[in-house]
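This is what each chain is made of:
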Amino acid sequence: VYIHGDFNTDNILYDSVQQHISFIDLHRSEYLDYVQDLSVLMVSFYRMTNFDPDVRQLIRLAMEAIYDFGQIYAEKIQDEDYSLRMALGLGRSFITSTRFVFDKEHAKSMHFKGRYLIEQVIQLDKANRKNYDIPKEIFHD
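Computed from a predicted structure; not experimentally measured. (Residues numbered from 1 in each chain as written. Predicted model: local features only at pLDDT ≥ 70, side-chain atom pairs only at ≥ 80, totals over all residues. Heavy atoms only, no water.)

Novice: What is the right way to look at the overall build of the chain in this model?
Specialist: What the chain contains, in helices and strands, is four helices and four strands. Starting at the N terminus, the α and β elements of the chain follow one another as β-β-β-β-α-α-α-α. Within the chain, buried positions represent 38% of all 141 residues. The contacts in the chain between residues at least 6 apart in sequence include a share of 65% that link residues at least 24 apart. When the accessible surface of the chain is totalled, it reaches about 8800 Å², and 56% of it is carbon and sulfur. (Helix = DSSP H or I, 4+ residues; strand = E, 2+ residues; numbered from the N terminus. Buried < 20%, exposed > 50% of the residue type's maximum accessible area, 1.4 Å probe, protein only. Contact = heavy atoms within 4.5 Å. Areas by Shrake-Rupley, 256 points an atom, 1.4 Å probe, with all protein chains shown as cover.)

Novice: I'm lost on helix α4 (residues 104-123) in this one. Help?
Specialist: Between its terminal C-alpha atoms α4 stretches 28 Å, which fits the 28 Å expected from 20 residues at 1.5 Å a residue. Every buried residue of α4 is accounted for by His106, Ala107, Met110, Lys113, Gly114, Leu117 and Val121. The arc that holds the buried residues of α4, viewed along the axis, is 125°, so those residues lie on one side. Along α4, exposed side chains directed more than 90 degrees from the buried face belong to Lys104, Glu105, Ile122 and Gln123. Buried residues along α4 sit in contact with α1 (34-46), α2 (53-76) and α3 (82-96). Measuring from the backbone nitrogen of Glu105 back to the side-chain oxygen at the start of α4 gives 3.2 Å, which picks out Asp103 as the cap. (Expected span 1.5 Å × (residues − 1). Arc of directions from axis to C-beta. Polar contact = N/O pair within 3.5 Å; in protein donor to acceptor, adjacent residues only side chain to side chain.)

Novice: What exactly am I supposed to notice about the pairing of strand β3 (residues 20-23) here?
Specialist: Each regular strand carries side chains that alternate between the two faces of the sheet. Relative to β3, strand β2 (residues 12-15) runs antiparallel, the two sharing four bridges. Across the sheet, the residue bridging to Leu13 is Ser22, located in β3. (Pairing = 2+ DSSP bridges.)

Novice: Would you take a moment to explain the environment of Ser83 for this structure?
Specialist: In this fold, Ser83 is placed in helix α3. Classification of Ser83 as buried rests on a relative accessible area of 8%. The spatial distance from the C-alpha of Ser83 to the C-alpha of Met110 is 19 Å, given a sequence separation of 27 residues. When near neighbours in sequence (up to four residues on either side) are disregarded, Ser83 contacts Tyr67, Gln71, Tyr132, Asp133 and Ile134.

Novice: Even after reading the chapter, I still don't get the layout of surface pockets, so can you show me in this structure?
Specialist: The gaps left among the atoms become clear once a water-sized probe is rolled over them. Each pocket or cavity is described by its volume, and for the largest pocket that value is around 260 Å³. Surrounding the largest pocket, 14 residues form its lining, Asp6, Asn8, Arg28, Arg99 and Phe100 being those nearest its centre. If you list the elements that add at least two residues to the lining of the largest pocket, you get α1 and α3. The element best represented in the lining of the largest pocket is α3, accounting for three residues. Of the residues that constitute the lining of the largest pocket, the class distribution is two nonpolar, six polar and six charged. (1 Å grid on protein atoms, 1.4 Å probe; cavity = no way out; pocket = protein on both sides within 12 Å on 5 of 7 lines; lining within 4 Å. Points joined across faces, edges and corners; volume = space filled by probe spheres on them. Nonpolar A, V, L, I, M, F, W, Y, C, P; charged D, E, K, R; others polar.)

Novice: Please clarify how the packing of α1 against α2 should be interpreted in this entry.
Specialist: Each pair of packed helices can be described by the angle between their axes along with the distance between the axes. Their axes nearest at 9 Å, the elements α1 and α2 cross at an angle of 170°. Taken together, α1 and α2 sit at an angle that is classed as roughly antiparallel. Residues Tyr34, Leu38, Leu41, Met42, Phe45 and Tyr46 of α1 form the contact with α2, whose own contacting residues are Arg56, Ile59, Ala62, Met63, Ile66, Tyr67, Phe69, Gly70, Tyr73 and Ala74. Class assignment of the residues belonging to the contact of α1 with α2 gives a composition of 14 nonpolar, one polar and one charged. (Axes fitted to C-alpha atoms, helices over the stretch in contact; angles between N-to-C directions. Parallel < 35°, antiparallel > 145°, perpendicular 65-115°, else oblique.)

In structure tokens:
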């Protein structure tokens, strides 16, 4: 699909008066794997440094909703590798996004989440790859 290419929350503008959404920073847009945009968007929510428990709960719910949206789309188009690619995309995004996070504990958590997902995929044997599901606990703090 035609993706944004850098689909972070700060590249989405919402006009609440007009109820209109706009996207900025489109220079990386091209036809690629939709999982790229979804994984980047999920991690851009997670890396927000508002640690209020209610806000973190909303972030977790947003990440789960994006993941579920992608999974429903994957099933519709018979994309059998969605969870594997999402795990790798999230892993990459968690690790590379640490450069934007100045809170050391939050950055460390992101790094560990990224490593955990990548290591899970690496350890799968070929027979179990089709049955892989990302543990939704990864979206929790």
